[in-house]
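One-letter residues, chain by chain:
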Amino acid sequence: MSQQPISLPAKLINGGIAGIVGVTCVFPIDLAKTRLQNQRPGQQVYRSMVDCLVKTVRSDGYFGMYRGAAVNLTLVTPEKAIKLAANDFFRHHLSKTGKGLTVFKEMLAGCGAGMCQVVITTPMEMLKIQLQDAGRLAAQRKPGVMSSSKLVATNPMLSRSYNVAVAPRAVSATQIARDLLHTHGIQGLYRGLGATIMRDVPFSIVYFPLFANLNRLGKPSPEQAAPFYWAFLSGCLAGSIAAVAVNPCDVVKTRLQSLSKATNEESYKGVVDCIRTILRKEGPSAFLKGAGCRALVIAPLFGIAQVMYFVGVGEYIVENSPFRLMSA
C-alpha cells in the first residue's frame, strides 16, 4: 500500500472547520451535560436534558443555551485540529512499513493524539465549565428563579478560597482566566489535567481504531473510499460509543474543574478523592450522569469531522491559497 505524504495544514483546517460547525450545532446539549453532571442528590434543579434546556431558555432566552460557547468556538479549532491531525500524523508514521496498521498501532496513534490535545482541551474546558454551570448555581441560590442572565457565580478561585462565597457578580471567561493566572499561575488553567488525560487518552484509543474499522466496512473495495454518508455514520457511532465508555472520567473532570460550589457541595482534593467521595455519597450510577447528553454531543461532532475530511475542504483551501498559487 503506497503511502502519500499527509498535508498537516489541510488536516488542521479540516479539524478546525469541523470543530466550529460541530460545536455550533451541539453546544446546548453540552451545556445540559455539564449542569446535570454537577448536580448532587437532593439538590436537583433539572430532571433531564430536555428539562434543563427548557428552563434555560425560559430564564435566559435562546442564547442562554450558548453560555460559554465563545470560549469553545475560540479554542475548539486548535483543539480538534490538533487531535485529528495528530492521529493522522501518528498513523502515517506508524504505517511507513507499507503494511496496514494493526489494531494495537491504531490504538497507539489514538493515544498520541489524545496526549497532544490536552494542551488545549484542559484550559478550554476549565473556562467553559465555569460559564456553563453558572445558571445551575444561580437557580440553587434562588429557588424558583432561574436567573443566570447576569452570569452570577461565586467563584472560589477569584476569592482565593475554595469555601468562601463572594458577593454575586458577573464574570467572564477573560476575567476568570486573568484571576486564575494571577492567583495560581499557569497551573490554575490546568486544574483537572490528570482527569482530562484520563478522559481524552482512552477516548482517542477507543474512537480512532473503532472509526477506522467501521469505515473500512463501507468501502466498495480496498482501493476506494467509503461513501461520505458511511464516514458520517461511522464517526457518529464510534464517537458515541467512546463517549459513553469514558463518561465516568468526564464526570470526575467536570467536578474537579468546577470552581464555584453551591451550598453543601463538597470540594475535592484530587482525582482519587473525587472518585471515592462520589462513590460514597452518590453511588456508582453518578458516574453515568450526562452520558446520554455526551453521546449526543460527540456523535455529530465527530461525524461532521469525518465528513470534512471526506470532502477535503482543507486540501482545497491549501491548494488554492494565494501562497500556494504564487509558489507554483
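For the structure, check the block above.
Summary of the structure given here.

Analysis parameters
Residues numbered from 1 in each chain as written. Predicted model: local features only at pLDDT ≥ 70, side-chain atom pairs only at ≥ 80, totals over all residues. Heavy atoms only, no water. Axes fitted to C-alpha atoms, helices over the stretch in contact; angles between N-to-C directions. Helix = DSSP H or I, 4+ residues; strand = E, 2+ residues; numbered from the N terminus. Left-handed = near helix turned anticlockwise from the far one by under 90°. Contact = heavy atoms within 4.5 Å. Nonpolar A, V, L, I, M, F, W, Y, C, P; charged D, E, K, R; others polar. Patch = residues over 30% accessible without salt bridge, like charges linked within 9 Å, V, L, I, M, F, W, Y side chains within 5 Å. Areas by Shrake-Rupley, 256 points an atom, 1.4 Å probe, with all protein chains shown as cover. Salt bridge = Lys/Arg side-chain N within 4 Å of Asp/Glu carboxyl O. 1 Å grid on protein atoms, 1.4 Å probe; cavity = no way out; pocket = protein on both sides within 12 Å on 5 of 7 lines; lining within 4 Å. Points joined across faces, edges and corners; volume = space filled by probe spheres on them. Phe/Tyr/Trp six-rings, centres within 6.5 Å; stacked < 30°, edge-to-face > 60°. Buried < 20%, exposed > 50% of the residue type's maximum accessible area, 1.4 Å probe, protein only.

## Concerning the packing of helix H8 (residues 228-245) against helix H11 (residues 291-311)
Packed helices, taken two at a time, are described by the angle their axes make and the gap between the axes.
Here is step 1 of the chain: Between H8 and H11, the least distance of the axes is 7 Å, while the angle of their chain directions is 145°. Two packed elements cross with a definite hand, and for H8 against H11 that hand is right-handed. Residues Phe228, Ala231, Phe232, Gly235, Cys236, Gly239, Ser240, Ala243 and Val244 of H8 touch H11, and the partners they reach there are Ala291, Arg294, Ala295, Ile298, Ala299, Pro300, Phe302, Gly303, Ile304, Gln306, Val307 and Phe310.
Here is step 2 of the chain: Classifying every residue of the contact of H8 with H11 gives 15 nonpolar, 5 polar and 1 charged.

## Describing a nonpolar patch on the surface
Here is step 1 of the chain: A cluster of nonpolar side chains, contributed by Phe228, Tyr229, Leu233, Phe310 and Val311, occupies part of the molecular surface with about 520 Å² of accessible area.
Here is step 2 of the chain: The set of elements that each furnish at least two residues to the nonpolar patch consists of H8 and H11.
Here is step 3 of the chain: Among the elements that line the nonpolar patch, the one with the most residues is H8, at 3 residues.
Here is step 4 of the chain: Of note, Phe310 is situated in helix H11.

## Observations regarding empty space enclosed by the protein
Here is step 1 of the chain: Under the criterion given, the structure shown has 2 cavities of 30 Å³ or more.
Here is step 2 of the chain: The computed volume of the largest cavity comes to approximately 260 Å³.
Here is step 3 of the chain: When residues of the lining of the largest cavity are traced back to their parent elements, those giving at least two are helix H1 (8-38), helix H3 (69-94), helix H4 (103-141), helix H7 (193-217) and H11.
Here is step 4 of the chain: A per-class count over the lining of the largest cavity returns 10 nonpolar, 3 polar and 10 charged.

## Remarks on the environment of Met49
Here is step 1 of the chain: Within the secondary structure, Met49 is located in helix H2 (residues 49-60).
Here is step 2 of the chain: Here the alpha-carbon distance between Met49 and Leu36, two residues 13 residues apart in the chain, equals 7.6 Å.
Here is step 3 of the chain: Once residues lying within four places of it in the same chain are set aside, the contact partners of Met49 are Ile29, Ala32, Leu36, Cys293 and Leu296.

## Observations regarding the packing of aromatic side chains
Here is step 1 of the chain: A complete count under the given rule lists 10 aromatic pairs for this structure.
Here is step 2 of the chain: Aromatic pair Tyr62 and Tyr66: ring centres 5.8 Å apart, planes at 50°, arrangement tilted.
Here is step 3 of the chain: Plain terms: the ring middles of Phe228 and Tyr229 are 6.5 Å apart, the flat faces sit at 85° to each other, and that makes the pair edge-to-face.
Here is step 4 of the chain: By relative accessible area, which is 46% here, Phe228 ends up partly exposed.
Here is step 5 of the chain: Residue class for Tyr229 comes out partly exposed when judged on its relative accessible area of 47%.

## Side note on the environment of Tyr316
Here is step 1 of the chain: Here Tyr316 is to be found in helix H12 (residues 313-319).
Here is step 2 of the chain: When the C-alpha positions of Tyr316 and Ala10 are compared, they lie 8.0 Å apart, and in sequence the two are 306 residues distant.

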